[in-house]
Amino acid sequence: MSALKPQLAFDTSGHGVSSGSTLSGVTALVIDDEELMRDFLCMAVEKAGVGNVISATCGADALDQVEENPRAIDIIICDLQMPEMDGIEVIRHLANDGFRGGIVLVSGEDKRVLKTAEHMAEVRGLNVIGSMSKPVPVHKITALMHKYAVSEQTTSRAVPEVTADELDSAIRSGEIITHYQPQVDIKTGRVKCVETLARWPHPERGMISPEIFIDLAERYELIDALTDTIIAQAARQGAIWHRQGVDLNVAINISMNNLHHLDFPDRLNEIVEQSDMDIRKLVLEITESQLVKDLGTCLDILTRLRLKGPILSIDDFGTGYASMENLKQMPFEELKIDRAFVNGACKDDTARAILESSVFLAKQLDMTTVAEGVETESDWKLVTDLGCDVMQGYYVAPPMDIDTFNAWLSKL
């Protein structure tokens, strides 16, 4: 297998706004106490194609308009710095009232303040389309309005209503399948590992989102059965690659619900043994934010897992709150940095600082670093310059079904 050249392996030029996006039926509310800025924002939003634009001079007035008819307003463009009631307070009230429309934040303050406010709104469950620093360029407003239109077109499609019984049947019948996304060693350019991703191609409803069926599995105690079937498929495929002389590690995401059961290490070992795969080629990815919920049980299970042989990886690092002390005590060998701190980090000082410090921390703990979300040449150059070991993302390839992946791999 030859080394992968550092180039975009799949054409992603089609990502973006389609010409069919429509905003004519959308209502936007602009909140800003400065008359000139308010008029400018209203004009720019109208120019982007939004059919109905209304405005408010303060937070209290805006909340009154939302309260009168919450479903009538689709997008709120809100300034952060306003007298009496600032934008942060407006966000808090919107979240408490369950506002489901899109939010765009605007501010002339420090960019870090704007980013913090954006994150706070997301944590409160609001649909944040994006944020803009003053002075606001017209093209940025247009891009965010069309981003909202595209997201609405996607989410407005009927969400498949599936039941726990259907999922249980799909798991038992082998309807849940695996796709694979490659991870590339940055120094050698060789594919080192593949991440296994669960997919459900429903025979009647089409592809069911993993967010839907994984959440369903966790709520109805089907997660163990789902995890077992994914492990079994991935392990069988890993064994096939090994027999073909293809040296690949296989990564699998493990739910926190799996780590509640002390017998999980034994169950995992039994499944992998049945597949004839070398368990040392298996990587278990565990989300950082889940690690400290039950530290005693986690340490018990994680230690026994390591004794069985698989590599343990901290997934989505940077998004949780695990203390350095806890991380030091856990038997992880790999740190996988969340895409939020990788993609576009070259233009975001805060994300770059977190990425750089994560790489430094991993080296101090003698852990391998995997940068996920590498989607551009700029991302690739940055993670290379910072000394990351492995990269994953659309710059290499998207997730693929097994036939597509094998064909892709054979061309390297």
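All of these numbers come straight from a predicted model, not from anything done at the bench.

Draft legend 1. Local environment of the side chain of Glu 118. Mapped onto the elements, Glu 118 comes out in helix α4 (residues 111-123). No salt bridge is formed by the buried Glu 118; its nearest oppositely charged neighbour, Lys 115, is found at 4.1 Å. If we skip the residues at most four places from it in the chain, Glu 118 touches Leu 105, Val 128, Gly 130 and Ser 131.

Draft legend 2. Broad picture of the nonpolar core. In this structure, Leu 167, Ile 176, Leu 268, Leu 305, Leu 355 and Phe 405 are the most contacted members of the largest nonpolar core, which totals 79 residues. Of the residues forming this core, the biggest block, 9 residues, is contributed by helix α8 (residues 223-243). Among residues more than four places away in sequence, those in contact with Leu 167 are Ile 176, Trp 200, Phe 213, Leu 216, Ala 217 and Leu 222. Core analysis: the next-biggest nonpolar cluster, separate from the first, contains 25 residues, Ile 73, Met 85, Leu 94 and Ala 121 among them.

Draft legend 3. Seen up close, the confidence of the model for the protein. When pLDDT is averaged along the protein, the result is 87, and 89% of the positions lie at 70 or above. The spread of mean pLDDT over the elements of the protein runs between helix α11 (residues 324-329), the lowest at 69, and strand β14 (residues 390-392), the highest at 97. Ignoring residues within four places in sequence, the model shows residues 6-21, a span with pLDDT below 50, making 26 contacts including any to other chains.

Draft legend 4. Here's a closer look at the packing of aromatic side chains. Applying the stated criterion to the full structure yields 6 aromatic pairs. Both rings, one in Trp 380 and one in Tyr 395, keep their centres 6.1 Å apart while their planes meet at 20°; by these two values the pair is stacked. Here Tyr 395 lies in the loop between β14 and β15 (400-401) and Trp 380 lies in helix α13 (residues 377-385), a separation of 15 residues in the sequence. Look at Phe 405 and Trp 408: their rings are 5.8 Å apart centre to centre, the planes differ by 35°, and that puts the pair in the tilted class. A residue pair is termed a helical-turn pair when its members lie 3 or 4 positions apart in one helix, as Phe 405 and Trp 408 do in helix α14 (residues 402-410) at 3 residues. Trp 408 shares its class with Phe 405; the two are buried. In textbook terms, an aromatic cluster arises when at least three aromatic residues are bridged by ring pairs, as seen for Tyr 180, Trp 241, Phe 405 and Trp 408.

Draft legend 5. Focus on the layout of surface pockets. Approximately 1300 Å³ is the volume found for the second largest pocket. The class makeup of the residues in the lining of the second largest pocket is 11 nonpolar, 11 polar and 11 charged.

The rules we used
- All chains use their own residue numbering, which begins from 1 and follows the written sequence.
- Totals for whole chains, interfaces and linings use every residue, but because this is a predicted model, local features are given only for residues with pLDDT of at least 70 and side-chain atom pairs only at 80 or more, for both listing and counting.
- By convention in this description, side-chain values take in all heavy atoms of the structure and omit both hydrogens and water.
- Secondary structure elements are defined from DSSP: runs of H or I of at least 4 residues count as helices, runs of E of at least 2 residues count as strands, and each element is numbered from the N terminus.
- Note on classification: 1.4 Å probe, protein chains only; a residue is buried when its accessible area is under 20% of the maximum for its type, exposed when over 50%, partly exposed between these limits.
- Under the counting rule used here, the positive set is Lys and Arg, the negative set is Asp and Glu, and His together with the chain ends is not counted.
- The salt bridge criterion pairs a side-chain nitrogen of Lys or Arg with a carboxyl oxygen of Asp or Glu, the two atoms within 4 Å.
- Contacts are assigned to residue pairs with any non-hydrogen atoms lying within 4.5 Å of each other.
- Definition used in this section: a nonpolar core is a set of buried Ala, Val, Leu, Ile, Met, Phe, Trp, Tyr and Cys residues joined via side-chain atoms within 4.5 Å.
- Every residue carries a pLDDT, the predictor's confidence in it, which falls somewhere between 0 and 100.
- Here the aromatic set is Phe, Tyr and Trp, taking the six-membered ring for Trp, and pairing holds for ring centres within 6.5 Å; pairs whose planes are under 30 degrees apart are stacked, those over 60 apart are edge-to-face, and all others are tilted.
- The method works on a 1 Å grid over the protein atoms by themselves. A cavity is a set of points holding a 1.4 Å probe that cannot get out, a pocket is an open set with protein on both sides within 12 Å along at least five of seven lines, and residues with an atom within 4 Å of a point line them.
- Grid points are joined across faces, edges and corners, and a volume is the space filled by probe spheres set on the points.
- Note on residue classes: Ala, Val, Leu, Ile, Met, Phe, Trp, Tyr, Cys and Pro are nonpolar, Asp, Glu, Lys and Arg are charged, and everything else, Gly too, is polar.

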